[in-house]
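What follows is each chain in one-letter form.
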Amino acid sequence: MTAPTSYAPVLDEAKITFSLPDRERDLATVRLAQEIVRPRCGPEFTWREEAEAWRIDFLKPDADRMEYQFQLEHDDGNTELICDPSNPLRAPGAFGEKSVVEVPGYEPPRWLAAPEGGVGSIRHLTIRNRPLRGRHDVLLWSPAGADEAEPLPLLIAHDGPEYARFSSLTLMLDRLTDEDAIPRMRAALVAPLDRDQSYSASASYSRSLTHELIPQLLEAAPTPHGRRMRIGMGASLGALALLHAHRRSPATFGALYLQSGSYFRQRYDRQESGFSRFRRISRFMGEVLTAGEWLHPISVTMTCGTVEENLANNRATFRALEAQGYEVKLIENRDGHNWIGWRDTFDPHLVDLVNRMWR
């Protein structure tokens, strides 16, 4: 039988078929590396002699996009992760590119293709953090034509440089500000120090954010008085850290935009129990979930992917905040735990939040 000439992913109503050619049979095993089901490097491909290729049928996920790689094990026992050589579609990420399958009908945000307009300015700052004995790199975005002394509302983003690089956050701010779809504001894109330590419900980081980082940001970026003029934004552990900072110091933010928060609890997240700060996170989230009331509720918009392990703990957190009087929304977007999935929720959901707060 003649080997097929195309090994690109094939979608049908129930499954996605992935293939990898190996005409010399140099590989010992091939696994599909993905973040939808466990194990993360699995399931395993099957060798198809007639096709001279490795193949697998993967159950079609409840999502409009799927990011993946192939894990190759060579005959000498060495392993490597690669993108699918038959699929040119790629997505960026902190750990390198991944291949992407998009279901028919998926559309990226309209603002990616919007005509170029005014381009904001970006200042590179270094903000000291004395309690943690370090310095944060910060990208301070301002809208086109803004004077440095002009008071403007401030969006503060954890993992901010990654939001700019992988989710095109500053491009969105440029284009939607130019269209007057969002109010004029500044965005402080803050890089973490030790991310796993700082963003895991750390009391010392919470205090330093409130008493060290934000005062220095407000000095560099004049902002109208009051917590309503500050919105915190973060994903994964970065979202958890913002919720923790709000609960420890309610005057810090007037609203939060929390994406795929890592709100770990033993009930939902045993698979994460090996994380070094799991117990600390679980204790804090126990406080949040069992609180009968909260005297300082704010506006909170949450997003989480339909195929994320974090979905159960996000739903539980949403229900708790709603019962405590927060003006809270949970958007379940058809994607996973990745920067493009987070990007795809900005319009309309981040747009709606900043307009409700600052128009």
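Our structure's up above, just so we're on the same page.
So, a few notes on the structure that sits alongside this text.

Conventions used here
Residues numbered from 1 in each chain as written. Predicted model: local features only at pLDDT ≥ 70, side-chain atom pairs only at ≥ 80, totals over all residues. Heavy atoms only, no water. Helix = DSSP H or I, 4+ residues; strand = E, 2+ residues; numbered from the N terminus. Buried < 20%, exposed > 50% of the residue type's maximum accessible area, 1.4 Å probe, protein only. Contact = heavy atoms within 4.5 Å. Lys, Arg positive; Asp, Glu negative; His and termini not counted. Charge placed at Lys NZ, Arg CZ, Asp CG, Glu CD. Pairing = 2+ DSSP bridges. Axes fitted to C-alpha atoms, helices over the stretch in contact; angles between N-to-C directions. Phe/Tyr/Trp six-rings, centres within 6.5 Å; stacked < 30°, edge-to-face > 60°. Parallel < 35°, antiparallel > 145°, perpendicular 65-115°, else oblique. Left-handed = near helix turned anticlockwise from the far one by under 90°. Salt bridge = Lys/Arg side-chain N within 4 Å of Asp/Glu carboxyl O. Nonpolar A, V, L, I, M, F, W, Y, C, P; charged D, E, K, R; others polar. Disulfide = S-S within 2.5 Å. Polar contact = N/O pair within 3.5 Å; in protein donor to acceptor, adjacent residues only side chain to side chain.

1. Points about the overall build of the protein chain
A count of helical and extended segments in the protein chain gives nine helices and 18 strands. By its C-alpha atoms, the protein chain is 75 × 45 × 40 Å across when sized along the principal axes. The burial tally for the protein chain puts 53% of its 359 residues in the buried class. By sequence separation, contacts in the protein chain at least 24 residues apart represent 74% of the contacts at least 6 residues apart. Side chains of the protein chain give 43 positive and 50 negative charges; the mean places of these two sets differ by 9 Å.

2. A short note on the sheet that holds strand E15 (residues 230-235)
Taking strand neighbours across the sheet as the criterion, the eight strands line up as E11-E12-E14-E13-E15-E16-E17-E18 in an open arrangement whose pairing is mixed. Looking along the sheet, the strands with just one partner apiece sit at the ends: strand E11 (121-129) and strand E18 (327-333). The sheet shows a mean angle of 15 degrees between the axes of neighbouring strands, taken without regard to direction. Here strand E13 (residues 154-158) pairs with strand E14 (residues 186-190) via five bridges, running parallel. Bridge pairing links Ile156 to Ala188 in E14.

3. A short note on the packing of aromatic side chains
Evaluation of the coordinates by the stated rule reveals 12 aromatic pairs. Measuring from ring centre to ring centre gives 5.1 Å for Tyr163 and Trp339, while their planes differ by 85 degrees; the resulting arrangement is edge-to-face. Remark: Trp339 occurs in helix H8 (residues 339-343) and Tyr163 occurs in helix H1 (residues 160-167); sequence separation between them is 176 residues. Exposure remark for Tyr163: the relative accessible area of 0% places this residue in the buried category. Look at Trp339 and you get buried, because its relative accessible area is 12%.

4. Topic: H1
Of the positions making up H1, those classed as buried are Gly160, Tyr163, Ala164, Phe166 and Ser167. Directly beyond the C-terminal end of H1, a positive phi value near 60 degrees is found at Ser168.

5. Concerning the environment of Arg25
Residue position: Arg25 is located in the loop between strand E2 (15-21) and strand E3 (27-33). When the C-alpha atoms of Arg25 and Trp47 are compared, they prove to be 9.1 Å apart, with 22 residues separating the residues in sequence. With sequence-adjacent residues up to four places away left out, Arg25 is seen in contact with Trp47, Trp54 and Asp75.

6. Section: the packing of helix H2 (residues 169-178) against helix H9 (residues 346-358)
When two helices pack together, their arrangement is captured by the angle between the axes and the distance separating the axes. At a closest axis distance of 12 Å, the pairing of H2 and H9 adopts a crossing angle of 70 degrees. It follows that H2 is roughly perpendicular to H9 by the angle criterion. With respect to the hand of their crossing, H2 and H9 are arranged in right-handed fashion. Touching Leu169, Met172 and Leu176 of H2 are Phe346, Asp347, Leu350 and Val351, all from H9.

7. Concerning the pattern of salt bridges
A side chain with one charge can pair with a side chain of the opposite charge if their charged atoms come near. On inspection of all chains with the given rule, the structure shows 24 salt bridges. Here Asp347 makes a salt bridge to Arg110, at a shortest N to O gap of 3.6 Å. In this pair, Asp347 sits in helix H9 while Arg110 sits in the loop between strand E10 (98-102) and E11, placing the two residues 237 residues apart along the sequence. On the basis of relative accessible area, Arg110 is assigned to the partly exposed category, the value being 47%. Via salt bridges that share partners, Glu327, Lys329, Asp352 and Arg356 belong to a single interconnected network.

8. Focus on the packing of helix H4 (residues 203-220) against helix H5 (residues 237-248)
Contact geometry of H4 with H5 gives a least axis separation of 9 Å together with a crossing angle of 75 degrees. Taken together, the axes of H4 and H5 are roughly perpendicular relative to one another. Where H4 abuts H5, its residues Ala203, Tyr205, Ser206 and Leu209 lie against Ala241, His244, Ala245 and Arg248. Residue composition of the contact of H4 with H5, by class: five nonpolar, two polar and one charged.

9. Examining the state of the cysteines
Enumeration according to the criterion identifies zero disulfides in this entry. With no disulfide of its own, Cys41 lies closest to Cys83 among cysteine sulfurs, the gap being 13 Å.

10. Examining the sheet that holds strand E1 (residues 10-11)
Pairing within the open sheet is antiparallel, and its four strands lie in the order E1-E2-E6-E5. The open sheet has two edge strands, E1 and strand E5 (46-48), and neither has a second partner. In terms of strand pairing, E1 meets E2 through two bridges, oriented antiparallel. Among the inter-strand pairings, Val10 is bridged to a residue of E2, identified as Thr17.

11. What about the side chain of Gln69?
Position of Gln69 among the secondary structure elements: in strand E7 (residues 65-74). Of note is the side chain of Gln69, whose polar atom sits 3.2 Å from the backbone oxygen of Glu97. The contact partners of Gln69, leaving out residues within four places of it in the chain, are Arg31, Leu32, Ala33, Leu81, Ile82, Glu97 and Lys98.

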